[in-house]
Amino acid sequence: MTNIYELKRKFLEIFRDEQVRFFYSPGRVNLLGEHTDYNGGYVLPVALNVGTTVCIGKREDNKICLSATDLSELVCADIENLDAYRKIEWGNYQLGVAYELLKAGYKVSGCNMLFDDTVPHGAGLSSSAAIECATGIALIKVFNPDEEINRVELALLAQRAENQFVGVNCGIMDQFASVMGKRDNAIFLNCKTLEYKYVPLNLGDYVLVITNTNKKRSLADSKYNERRKECEKGLEALKKELPGITCLGDVTVEMFESAKHVIKDSIIEKRVRHVIYEDDRVLKAIDVLNKNDLVEFGKLMIASHESLRDLYEVTGKELDTLFEEALKVEGVLGSRMTGAGFGGCTVSIVHKSVVEDFKVLVGKNYTEKTGLIPDFYVMETDDGSREIIDGF
Ligand code: GLA
């Protein structure tokens, strides 16, 4: 994590203020349950040991001033006029959170905020959720000291900022993982009810290796919205046969198999099939992880990638190449794309003793096949949003 003394020095340089506090919220990687959250299904993310740290100090006026360690920009917004900042190039995620907090009845007053991110940008590891949730916890704690933080509410509020203020359609998984993360645990979340359980992740001699395709995710937004619409169509069709359902998350494999004939469009049928079987894989994964059976868990990850490739069609050459090359390395239990797809990262479970081989072999073959150079991150799980006191 960022050296907070450095951050404080930088804050002092920009804002000339020493009365500061530090807050932090992590990025995430999803281990299983992809493109299920907006269908009211199941997900299994972990919070990572990379994230956003924010240094915050109060101001006398009614402005929120934002800067970041990797930007020379300073954005100052009037709290009464946050609406005007929806489309700015940088800072709208933070201001969206302030806007949603005010709407929800929290107090927000003038402040300076300096952001420092260690989540790689554009990699599908939820750098935006980390920024939103760090902003949220900072503004709540600084301006609402008597308020008991409702963490689920914070995640929902951060999601609203992204959906409604910034205008990016995402589910609840990323913000939930960022706020609720727990070291050495995955979060098993029912995205319909928001009921959740921590599932111990005992990796033993294995580590999580995240591999970045470094492909620009140009299609991600439009294809993401297209998939959402396809799922809605599938749901409408299934309702004819299954009138009680309100989302695809309500549909079990058995229900789907008995009702699927009402989906006449074969593309829609494939999309829905992915969601239904992916939910089922998450349920199986909970049992498997409780038995500490990483081999079986790896198989579920592989099946998930194949389904995202063949049925949901959100992978592409780069992610598929990383997936195939990863599985050729001895000591790899499983691998899959993670996040929205169309670029971004894969996550693999790799034996500690072969991590270096993994990087060399996967890296070389991936570059040969795609012309791109991947990045590898060996990451650990971490806790969710929190205040950093005395450097910890
Ligand atoms: C993105 C979204 C999430 C989720 C995933 C796909 O990361 O932000 O809400 O929909 O894609 O599982």
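Since this is a predicted model, take the numbers as computed values, not measurements.

## A short note on the overall build of the chain
Helix and strand counts for the chain stand at eleven helices and 13 strands. Against the globule reference of 21 Å for 392 residues, the chain gives a C-alpha radius of gyration of 21 Å, in line with a compact fold. In terms of its C-alpha atoms, the chain occupies a principal-axis envelope of roughly 65 × 50 × 40 Å. Scored against the burial criterion, the 392 residues of the chain give a buried share of 58%. For the chain, contacts bridging at least 24 residues in sequence account for 71% of all contacts bridging at least 6. By element, 49% of the accessible surface of the chain is carried by carbon and sulfur atoms, the whole surface being about 16400 Å². For the chain, the distance from the average position of its 48 positive side-chain charges to the average position of its 61 negative side-chain charges is 3 Å.

## Some points on the site of the ligand
Close contacts around the ligand come from Arg 28, Glu 34, His 35, Asp 37, Tyr 38, Cys 170, Gly 171, Met 173, Asp 174, Tyr 224, Gly 339 and Ala 340, and that covers them all. Between the ligand and Asp 174 there is a distance of 2.6 Å, counted from an oxygen atom to a side-chain nitrogen or oxygen. Ala 340 is positioned with one of its backbone polar atoms (N or O) 3.5 Å from an oxygen atom of the ligand. Its free accessible area being 300 Å², the ligand has 93% of it covered by the protein chains. When grouped by side-chain class, the residues that make up the shell around the ligand number five nonpolar, three polar and four charged.

## Observations concerning the packing of helix H2 (residues 92-103) against helix H4 (residues 151-166)
Pairs of packed helices are described in terms of their axes, by the angle between the two and the distance that separates them. At their nearest, the axes of H2 and H4 sit 8 Å apart, and the two run at 115° to each other. Our classification of the angle between H2 and H4 gives roughly perpendicular. The interaxial crossing formed by H2 with H4 has right-handed handedness. Every residue of H4 that contacts H2 at Asn 92, Tyr 93, Leu 95, Gly 96, Val 97, Tyr 99, Glu 100, Leu 101 and Lys 103 is listed here: Leu 157, Arg 160, Ala 161, Glu 162, Gln 164, Phe 165 and Val 166. Across the contact of H2 with H4, the residue classes tally to nine nonpolar, three polar and four charged.

## A few points about the packing of aromatic side chains
If you walk through the whole model with that rule in mind, you get nine aromatic pairs. Plain terms: the ring middles of Tyr 196 and Tyr 198 are 5.7 Å apart, the flat faces sit at 80° to each other, and that makes the pair edge-to-face. Taking 6.0 Å as the distance between ring centres and 80° as the angle between the ring planes, the aromatic pair formed by Phe 358 and Phe 376 counts as edge-to-face. In this pair, Phe 358 sits in helix H11 (residues 355-370) while Phe 376 sits in strand E12 (residues 375-379), placing the two residues 18 residues apart along the sequence. Each member of the pair, Phe 358 together with Phe 376, is buried.

## Some points on H11
Every α-helix winds through 3.6 residues per turn, so residues three or four apart in the chain are directed the same way. Between its first and last C-alpha, H11 extends 22 Å over 16 residues, near the 22 Å set by a 1.5 Å rise per residue. Considered for burial, the residues of H11 that qualify are Val 355, Phe 358, Val 362, Gly 363, Asn 365, Tyr 366 and Thr 370. Against the buried residues of H11 lie strand E9 (206-212), helix H10 (317-328), strand E10 (332-338), strand E11 (345-351) and E12. Phi turns positive, to about 80°, at Gly 371, one or two residues after H11.

## Regarding the pattern of salt bridges
Counted according to the given criterion, the structure contains 33 salt bridges. Arg 86 is the salt-bridge partner of Asp 83, the closest N and O atoms lying 2.7 Å from each other. Asp 83 gets classed as partly exposed once you look at its relative accessible area, which sits at 41%. Residue classification places Arg 86 among the partly exposed residues on the basis of a relative accessible area of 23%. Here Lys 103 makes a salt bridge to Glu 100, at a shortest N to O gap of 3.6 Å.

## Points about a negative patch on the surface
On the surface, a cluster of negative charge is contributed by Asp 146, Glu 147, Glu 148 and Glu 153. Mapped onto the elements, Glu 153 comes out in helix H4. Residue Glu 153 is classed as partly exposed on the basis of its relative accessible area, which comes to 32%.

So, how was this worked out
- Residues numbered from 1 in each chain as written.
- Predicted model: local features only at pLDDT ≥ 70, side-chain atom pairs only at ≥ 80, totals over all residues.
- Heavy atoms only, no water.
- Helix = DSSP H or I, 4+ residues; strand = E, 2+ residues; numbered from the N terminus.
- Rg over C-alpha atoms; globule rule 2.2 N^0.38 Å.
- Buried < 20%, exposed > 50% of the residue type's maximum accessible area, 1.4 Å probe, protein only.
- Contact = heavy atoms within 4.5 Å.
- Areas by Shrake-Rupley, 256 points an atom, 1.4 Å probe, with all protein chains shown as cover.
- Lys, Arg positive; Asp, Glu negative; His and termini not counted.
- Charge placed at Lys NZ, Arg CZ, Asp CG, Glu CD.
- Near = heavy atom within 4 Å.
- Polar contact = N/O pair within 3.5 Å; in protein donor to acceptor, adjacent residues only side chain to side chain.
- Nonpolar A, V, L, I, M, F, W, Y, C, P; charged D, E, K, R; others polar.
- Axes fitted to C-alpha atoms, helices over the stretch in contact; angles between N-to-C directions.
- Parallel < 35°, antiparallel > 145°, perpendicular 65-115°, else oblique.
- Left-handed = near helix turned anticlockwise from the far one by under 90°.
- Phe/Tyr/Trp six-rings, centres within 6.5 Å; stacked < 30°, edge-to-face > 60°.
- Expected span 1.5 Å × (residues − 1).
- Salt bridge = Lys/Arg side-chain N within 4 Å of Asp/Glu carboxyl O.
- Patch = residues over 30% accessible without salt bridge, like charges linked within 9 Å, V, L, I, M, F, W, Y side chains within 5 Å.

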